[in-house]
Amino acid sequence: MTDSKYFTTTKKGEIFELKAELNSDKKEKKKEAVKKVIASMTVGKDVSALFPDVVNCMQTDNLELKKLVYLYLMNYAKSQPDMAIMAVNTFVKDCEDPNPLIRALAVRTMGCIRVDKITEYLCEPLRKCLKDEDPYVRKTAAVCVAKLHDINAQLVEDQGFLDTLKDLISDSNPMVVANAVAALSEIAESHPSSNLLDLNPQSINKLLTALNECTEWGQIFILDCLANYMPKDDREAQSICERVTPRLSHANSAVVLSAVKVLMKFMEMLSKDLDYYGTLLKKLAPPLVTLLSAEPELQYVALRNINLIVQKRPEILKHEMKVFFVKYNDPIYVKLEKLDIMIRLASQANIAQVLAELKEYATEVDVDFVRKAVRAIGRCAIKVEQSAERCVSTLLDLIQTKVNYVVQEAIVVIKDIFRKYPNKYESVIATLCENLDSLDEPEARAAMIWIVGEYAERIDNADELLESFLEGFHDESTQVQLQLLTAIVKLFLKKPTETQELVQQVLSLATQDSDNPDLRDRGYIYWRLLSTDPVAAKEVVLAEKPLISEETDLIEPTLLDELICYIGTLASVYHKPPSAFVEGSRGVVHKSLPPRTGSSESAESPDAAPAGVQPSEQPAVIPTQGDLLGDLLNLDLGPPVSGPPIAASSVQMGAVDLLGGGLDSLMGGTGFAAPSTVVPANLGAPLGSGLGDLFDLTGGVGTLSGSYVAPKSVWLPAMKAKGLEISGTFSRQVGSISMDLLLTNKALQVMSDFAIQFNRNSFGLAPAAPLQVHTPLAPNQSVEISLPLNTVGSVMKMDPLNNLQVAVKNNIDVFYFSTLYPLHILFVEDGKMERQMFLATWKDIPNENEAQFQIKECPLNADAVSNKLQGSNIFTIAKRNVEGQDMLYQSLKLTNGIWVLAELRIQPGNPSFTDLELSLKCRAPEVSQHIYQAYETILKN
């Protein structure tokens, strides 16, 4: 008789009848009644009214009945917590039952009852079960600790269960070890800061011994735990790899992927010259290939993981190209993934095979697959230079098929081939132009327009072709409109006489008739460029383009390293770190691969500059595209975050006459000046007058408070600014920051109407007064100006952190440059911390925020160092001598309230050892590198 009879609905008064049956003296009747209750519960009926009657049935030796009652308890304990306490005594009794199955069942159910009132009653039974002589009970109790920790973490820690769990890692039974590891990993995951799995070579040895004997899921827990261990050297890494390798031949694909993860991670530590390294590479290929003979869903997961492995170590599968060839009955998601890996493995050795396959795929019926295959041919051309010619002729054959979507994809990839190999395959342009009328997809139309614009001088009727696109300009997608605008401007610059009407038409369509801000902005920029300086326009629009790289879709290296640590998990299928898709309060720990053997990077400070390398004086900071223009052209006309309000700008964007002084009116007047605060008169004046002269006896190097000022360097060369040269430096005197500028006019005309604006930056630096040049600047004249700054501007994190992007305007034009300011101008005067406060803060900041640096060849004693640093607001709080070394403990505070604590070690009286060791601790560790540079600059000058 099946159990389906319990689910057939009966008449009214069911609960009442069940109650009577549950209290029956006959065991069989009781069991039947409990089954009916569970059946009703399963289909969603509320049978909580029977709670006391069902709990009474717990007192039984029948294991089946006990399981059913426990199932009921787990379901209703949350809604009936007061009643659930009645069951506690039975749990306690069952935990001492002679039958280990009942003891384990009791402890398992206890873990599933998530009721705070009950948890403390369960601690004693759980403690006994953790030390039970039967391994089945111990392994169940281990998992119960993790469940209890989820309900009440503090209770578990107070009761010492975590220490008992750690002891279970040394248990004689491999399944107990595996469950203990699983429980500790689970707890550690929800509390990333706790160092629960404190692995050492001895415990690793125990885990590896248990690995051979536990079940497949136990092996996965142990392998995942091993993957989080950092071997102390390459010998230990090799020994672990040798003992994990046999897992590669396991039947369960999850075990195989977990083993691959451990090996991929520890291979980082092995030298490539080792024979074992080569052996390991050979051993990794067969299990990965075997995964591809599973069902499609498993194949897909395997392929997503292989995709990561191939990006990290292509040599593992370089001889296995054939297994990635597509089978006719593969589902589309497997086909597309295989294609991706084929391209990654394509090389000169196998390109002929790959191209033959891809050409075959391009004649399939599945549209998505055909598109990807045509793209793949283009990617092969870009990746393997020797095959480019064959790829282009294959693409031309495909264009001759006249299949619409094939033609469109082919044109998109040929555009990329032109970018990679200029002046080589342009003979095919005629064939492409024949297919103009059939293009209906935005990407293909945009690619074709790019080709016509780029090679306009080789196409006789380029203007007619582009004009044909212009007819339906407003119906095109943004991508096509932008490309068309650029192509027509290119055409105008190449053939100005014939295409003047066309360029005017497209500029007015883009600027006056379009409501797309990107298109309007680009139109205005081109219009302004063409009307003021056609030579500059030519340099900008027809500039030499960089060759495109072979792999544009590679995963960024640091992300790839992190994903390798997550092989076999969802992260490896999504190709995203867990933090991108895991919600909730659980801290997601960022994992990374161990440093490569022999790499000179310091483990403690990955950003540390190599010892002895001076940071270059003025590195060229190239802002990301759209950063400078986007931010500086819209010039942040709103008021800053705090500080005095600015007079509202009178400029209305729609009313700007773009060909007349459009940007000038935008830049000039009230809208451009920074918020003016009360400034000492002398600071705004050129440095040639009165007080400025008194303080500037040393030509702008010495200052009032003794803070170090770097000599001026050229920030904006005259050739880039139509004759205006700007040199400058930054200084801090008596609590105020200034930018000391030297403006030189190397042009042939007078310069006037100067103004300055800063882009948003990491510390909110902004001008505190307008840039005042009192008399017009005649040719070959210079003027020195000290511009006061404040730190109440808009804040945006820059890369690097101390990058400052500046716009300077005069009567000629607007010029942009960027410079790096030294961080010590932001060290405030009240940066001295109390001793006790220093100690408490040092302990409170986590150790991983500590960065260590060396200041090379600095032969100063402790007092000289202390005095020099104090001049720049780095304050010494305490000094002591330890084993002949002077230790200085120092603090400083930045304008945005960030405190930085430092420990400086000095070897006094030892002329042969002049290096200083600097340790920095800060809650914002990204500033540490710049603080170190400030220390080095101050101490060495």
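Per an unreviewed UniProt entry, the protein goes by AP complex subunit beta and derives from Alligator sinensis. If you open the UniProt record of the protein and go to Subcellular location (unreviewed entry), you find "Endomembrane system". Database annotation for the protein, UniProt heading Sequence similarities (unreviewed entry): "Belongs to the adaptor complexes large subunit family."

Trainee: Could you give an account of the overall build of the protein, with specific residues and numbers?
Mentor: Within the protein, the regular secondary structure consists of 40 helices and 13 strands. For the protein, the proportion of contacts with a sequence separation of at least 24, taken over those separated by at least 6, is 67%. Surface summary for the protein: the accessible area is close to 44500 Å², and the carbon and sulfur share equals 52%.

Trainee: Run through the confidence of the model for the protein, naming residues and quoting values.
Mentor: For the protein, the mean per-residue pLDDT works out to 80, and 85% of the residues sit at or above 70. The lowest-confidence element of the protein is helix H37 (residues 690–695), averaging 32 in pLDDT; the highest-confidence one is strand S5 (residues 766–767), averaging 93.

Trainee: How would you explain the sheet that holds strand S13 (residues 916–922) if you had to name every residue and give the values?
Mentor: Strand order in the open sheet formed by five strands is S9-S13-S12-S11-S10, with antiparallel pairing between adjacent strands. The open sheet has two free edges, formed respectively by strand S9 (850–855) and strand S10 (875–882), since each of these has just one partner strand. Direction aside, neighbouring strands of the sheet carry axes that sit 20° apart on average. Summarising the sheet, S10 and strand S11 (residues 885–893) pair through seven bridges and their orientation is antiparallel. Note that in S11 the partner of Phe875 across the bridge is Ser891. Contacting S9, S10, S11, strand S12 (899–906) and S13, helix H38 (residues 835–844) runs over the sheet at an angle of about 95° to S12. Helix H39 (residues 862–870) contacts S10, S11, S12 and S13 of the sheet and is inclined by roughly 5° relative to S11.

Trainee: Can you break down the nonpolar core residue by residue, with the values?
Mentor: Counting 215 residues, the largest nonpolar core has Tyr72, Phe91, Leu126, Val244 and Phe418 as its most contacted members. Of the residues that make up this core, three or more belong to each of domain 1 (346–440) and domain 2 (441–532). With residues near it in sequence (within four places) discarded, Phe418 still touches Tyr425, Glu426, Val428, Ile429, Leu432, Trp450, Ile451 and Tyr455.

Trainee: Give a detailed account of the packing of helix H9 (residues 123–130) against helix H10 (residues 135–151), specifying residues and quantitative values.
Mentor: The interhelical angle for the contact between H9 and H10, taken along N-to-C directions, is 140°, at an axis separation of 8 Å. Classified by the angle their axes make, H9 and H10 are oblique. Crossing geometry of H9 relative to H10 is assigned as left-handed. Touching Leu126, Cys129 and Leu130 of H9 are Val137, Arg138, Ala141, Ala142, Cys144, Val145 and Leu148, all from H10. Here the residues of the contact of H9 with H10 are counted per class, giving nine nonpolar, no polar and one charged.

Trainee: Can you break down a negative patch on the surface residue by residue, with the values?
Mentor: Residues Glu464, Glu467, Glu471 and Glu501 make up a contiguous surface patch of negative charge. Relative to the helices and strands, Glu471 resides in the loop between helix H27 (462–470) and helix H28 (478–494).

Trainee: Please provide a residue-by-residue account of helix H4 (residues 63–76), values included.
Mentor: The end-to-end C-alpha distance of H4 is 20 Å, a good match for the 20 Å that 14 residues give at a rise of 1.5 Å each. Within the sequence span of H4, burial applies to Leu65, Lys66, Leu68, Val69, Tyr70, Tyr72, Leu73 and Tyr76. Against the buried residues of H4 lie helix H2 (27–42), helix H3 (51–56), helix H6 (88–94) and helix H7 (100–112).

Trainee: Now, about the side chain of Thr109: what can you tell me, with residues and values included?
Mentor: For Thr109, the location among the structural elements is in helix H7. Accessibility expressed as a relative area gives 1% for Thr109, which makes it buried. For Thr109, the side chain forms a polar contact with the main-chain oxygen of Leu105, separated by 2.7 Å.

Trainee: Any details on the packing of helix H19 (residues 296–312) against helix H20 (residues 332–345)? Residues and values, ideally.
Mentor: Relative placement of two packed helices is described by the angle separating their axes and the distance separating the axes. The interhelical angle for the contact between H19 and H20, taken along N-to-C directions, is 20°, at an axis separation of 10 Å. Our classification of the angle between H19 and H20 gives roughly parallel. Pair H19 / H20 crosses with left-handed handedness. Of the residues in H20, those touching H19 at Pro296, Glu297, Gln299, Tyr300, Leu303, Arg304, Ile306, Asn307, Val310 and Gln311 are Tyr333, Val334, Glu337, Lys338, Asp340, Ile341, Arg344 and Leu345.

Trainee: Hey, could you go over the pairing of S11 for me, with residue numbers and the actual values?
Mentor: Within S11, nine of the nine residues are buried, which leaves the element mostly enclosed by the surrounding structure. Adjacent in sequence and paired antiparallel, S10 and S11 are bridged by two residues, among which Glu883 carries a positive phi angle near 50°. Here S11 runs beside S12; their pairing, made up of eight bridges, is antiparallel. In the strand pairing of S12, Asp886 is matched with Ile906.

Trainee: I'd like a description of helix H12 (residues 161–168), backed by residues and values.
Mentor: Within H12, burial applies to Phe161, Leu162, Thr164, Leu165 and Leu168. With its buried residues spanning 160° around the axis, H12 presents them on a single face. Looking at the packing, one finds that the buried side of H12 touches H9, H10, helix H11 (153–158) and helix H13 (174–190).

Trainee: Tell me what's going on with the pairing of S13, and back it up with residues and numbers.
Mentor: Taking burial as the measure, the seven residues of S13 include six buried ones, the bulk of the element. Relative to S13, S12 runs antiparallel, the two sharing six bridges. Bridging from a neighbouring strand, Arg905 pairs with Glu917 of S13.

Trainee: Now, about unusual backbone geometry: what can you tell me, with residues and values included?
Mentor: Excluding glycine, residues mostly have negative phi values, and the peptide bonds linking residues are mostly trans. A cis amide bond, omega -5°, links Asp799 with the succeeding residue Pro800. Mapping Pro800 onto the fold places it in the loop between strand S6 (782–790) and strand S7 (803–809). Its identity is not glycine, yet Val734 carries a phi of approximately 45°, on the positive side. By the secondary structure assignment, Val734 is in the loop between strand S2 (724–733) and strand S3 (736–745).

Trainee: Outline the environment of Asn56, supporting the account with residue identities and numerical values.
Mentor: Tracing the backbone through its elements, the reader meets Asn56 in helix H3. A relative accessible area of 47% places Asn56 in the partly exposed class. For the pair Asn56 and Thr90, spaced 34 residues apart in sequence, the C-alpha separation works out to 9.7 Å.

Trainee: Quick rundown of the packing of aromatic side chains? Include the residues and the values.
Mentor: Inspection of the entire model under this criterion finds 12 aromatic pairs. With 5.1 Å between their ring centres and 40° between their planes, Tyr361 and Phe369 make a pair best called tilted. Look at Phe369 and you get buried, because its relative accessible area is 0%. Ring pairs connect the aromatic residues Trp715, Phe730, Phe817 and Tyr821, which therefore count as one cluster. Seen from the ring of Phe369, Lys335 lies directly overhead, with NZ or CZ sitting 5.1 Å from the centre.

Trainee: Explain the side chain of Glu725 residue by residue, including any values.
Mentor: Counting through the fold element by element, Glu725 comes out in strand S2. Given a relative accessible area of 16%, Glu725 falls into the buried group. Within polar-contact distance, the side chain of Glu725 engages the side chain of Lys746 at 3.0 Å. If sequence neighbours within four positions are ignored, Glu725 has contacts with Val714, Leu716, Ala718, Leu742, Leu743, Thr744 and Lys746.

Trainee: How would you explain the sheet that holds S5 if you had to name every residue and give the values?
Mentor: Strand order in this open sheet of five strands is S1-S2-S3-S6-S5, and the pairing throughout is antiparallel. Sheet topology places strand S1 (713–716) and S5 at the edges, where each strand pairs with a single neighbour. Bridge count for S1 against S2 is three bridges, and the pairing is antiparallel. Within S2, the position partnered with Ser713 by the bridge is Gly728.

Trainee: Go over the environment of Gln299, please, and point to the residues and values.
Mentor: Along the polypeptide, Gln299 turns up in helix H19. Judged by its relative accessible area of 7%, Gln299 is buried. Separated by 34 residues in the primary sequence, Gln299 and Tyr333 have C-alpha atoms spaced 9.8 Å apart. Beyond its immediate sequence surroundings of up to four residues, Gln299 is in contact with Leu291, Leu292, Ala294, Asp330, Val334 and Lys338.

Trainee: Which residues make up the environment of Gly764, and what values go with them?
Mentor: Along the polypeptide, Gly764 turns up in the loop between strand S4 (755–758) and S5. Linking Gly764 and Val795, residues 31 residues apart in sequence, is a C-alpha distance of 4.7 Å. Setting aside residues no more than four positions away along its own chain, Gly764 makes contact with Asn790, Thr791, Val792, Gly793, Ser794 and Val795.

Thresholds, definitions, all that
Residues numbered from 1 in each chain as written. Predicted model: local features only at pLDDT ≥ 70, side-chain atom pairs only at ≥ 80, totals over all residues. Heavy atoms only, no water. UniProt positions renumbered as here; feature names shortened; annotations may be inferred. Helix = DSSP H or I, 4+ residues; strand = E, 2+ residues; numbered from the N terminus. Contact = heavy atoms within 4.5 Å. Areas by Shrake-Rupley, 256 points an atom, 1.4 Å probe, with all protein chains shown as cover. pLDDT = per-residue confidence, 0-100. Pairing = 2+ DSSP bridges. Axes fitted to C-alpha atoms, helices over the stretch in contact; angles between N-to-C directions. Core = buried A, V, L, I, M, F, W, Y, C linked by side-chain atoms within 4.5 Å. Buried < 20%, exposed > 50% of the residue type's maximum accessible area, 1.4 Å probe, protein only. Domains from an automatic or database assignment. Parallel < 35°, antiparallel > 145°, perpendicular 65-115°, else oblique. Left-handed = near helix turned anticlockwise from the far one by under 90°. Nonpolar A, V, L, I, M, F, W, Y, C, P; charged D, E, K, R; others polar. Patch = residues over 30% accessible without salt bridge, like charges linked within 9 Å, V, L, I, M, F, W, Y side chains within 5 Å. Salt bridge = Lys/Arg side-chain N within 4 Å of Asp/Glu carboxyl O. Lys, Arg positive; Asp, Glu negative; His and termini not counted. Charge placed at Lys NZ, Arg CZ, Asp CG, Glu CD. Expected span 1.5 Å × (residues − 1). Polar contact = N/O pair within 3.5 Å; in protein donor to acceptor, adjacent residues only side chain to side chain. Arc of directions from axis to C-beta. Phe/Tyr/Trp six-rings, centres within 6.5 Å; stacked < 30°, edge-to-face > 60°. Lys NZ or Arg CZ within 6 Å of the ring centre and 35° of its normal.

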